[in-house]
Amino acid sequence: MTDLPANPISATVDFSREGVQHGFLKLPYSRDDSAWGAVMIPITVIQRGSGPTALLSGGNHGDEYEGPVALSKLAQRLTAQEVSGRVIIVPFMNTPAFHAARRTSPIDKGNLNRSFPGKPDGTVTEKIADYFNRTLLPLADIVLDIHSGGRTLDFLPFAACHVLPDKQQQARCEAGMLAFNAPYCMRMLELDAGAMYDTAAESQGKVFVTTELGGGGSSTARSVAIAERGVRNLLIHAGILRGEIELQPSLMLDMPDASCFIASEHDGLLEMCRDLGDHVTGGEVVARIHDATRSGVAPIEYRAARSGLLAARHFPGLVQCGDTLAVIADVLA
């Protein structure tokens, strides 16, 4: 097998140096307005002594803000004296998408969380994915990637892990999810997991925790507070920070199969009939799609295929054929 070429990204920080460093992952990017330009991805490394490494990221999708806010604050405030081990913080993982307030990169339309393992000689998004996959993930023991619903989805605030073939690794991921201690914890089913950052981290044996902390293309005081408390809890759980994990009531949820998803087969005007957090019964009307091209037409009803808790919903008022309208999760405890 031919070795992959070197990734063109260079770090302005030294991952082996003690103390606090703020710098960049510099990706050369020649373009019309900057012939020798670069994409500059902010990064902070905080290290003291021996211990585990936590890799913390936000902005994997550029229209999700709890991660960027919480991790920007952490990078500003965390001192080396508080740390036993190393914390690597990347608040704006897909920096081009973040600055454009878009889910995907304006440069190449790349969805970073569907671009792994990446290519060192590929598009800008593929180069970022390759650097994380081959350089940053191998450094980490525990990985947290903070998500929310962006402009098109809204979620109950949950931390999540996945069902994995290695049950011992799954148990470690579940322990991290529980330590994060969002108001809800989810065993999450992904419909297209193959090229996700999650899968890349898990395939390297890492403890991987992710979140969905709200949505609508903004953040709230509550959702940022959940992210901040969860990050600190996870770092204490990992043994990187000292202190007591701050536990609050949390409800365990599960997405066991594809029947959890309700997908639209029509374009039109969305009427949600139940709200996030509502208990729904199988067969109950969860949403209606109204014809937006004429009046006097009966709406199309979408019913729940299972009973459970409404954990996610489409956010904008207009919907397209193929959009996920709602997700119904089982309540475990």
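These figures come from a predicted structure and were not determined experimentally. (Residues numbered from 1 in each chain as written. Predicted model: local features only at pLDDT ≥ 70, side-chain atom pairs only at ≥ 80, totals over all residues. Heavy atoms only, no water.)

Attention shifts here to the environment of E66. Tracing the chain through its elements places E66 in helix α1 (residues 66–77). By relative accessible area, which is 2% here, E66 ends up buried. Residues E66 and A225 lie 159 residues apart in sequence; the distance between their C-alpha atoms is 8.7 Å. Apart from the residues within four sequence positions on either side, E66 is in contact with I146, S148, L213, S218, S219, T220, S223, V224 and A227. (Helix = DSSP H or I, 4+ residues; strand = E, 2+ residues; numbered from the N terminus. Buried < 20%, exposed > 50% of the residue type's maximum accessible area, 1.4 Å probe, protein only. Contact = heavy atoms within 4.5 Å.)

Bringing the pairing of strand β4 (residues 53–57) into the picture now. With five of its five residues buried, β4 lies for the most part within the structure. Every second residue of β4 is oriented toward a common face, with T53, L55 and S57 on one face and A54 and L56 on the other, all of them buried. Pairing analysis gives five bridges linking β4 to strand β5 (residues 85–90), with the strands arranged parallel. Residue pairing for β5: L55 is matched across the bridge by I88. (Pairing = 2+ DSSP bridges.)

Proximity of charged atoms lets side chains of opposite charge pair with each other. In this structure the tally under the stated criterion is 15 salt bridges. Its salt-bridge partner being R31, residue D33 comes within 2.8 Å of it at the nearest N-O pair. In this structure R31 comes out as partly exposed when scored by relative accessible area, which is 29%. A salt bridge links E174 to R187; the shortest N-O distance between them is 2.7 Å. On the criterion of sequence distance, the pair formed by E174 in helix α4 (residues 167–180) and R187 in strand β9 (residues 184–187) is long-range, its members being 13 residues apart. The exposure class of E174 is buried, given its relative accessible area of 14%. (Salt bridge = Lys/Arg side-chain N within 4 Å of Asp/Glu carboxyl O.)

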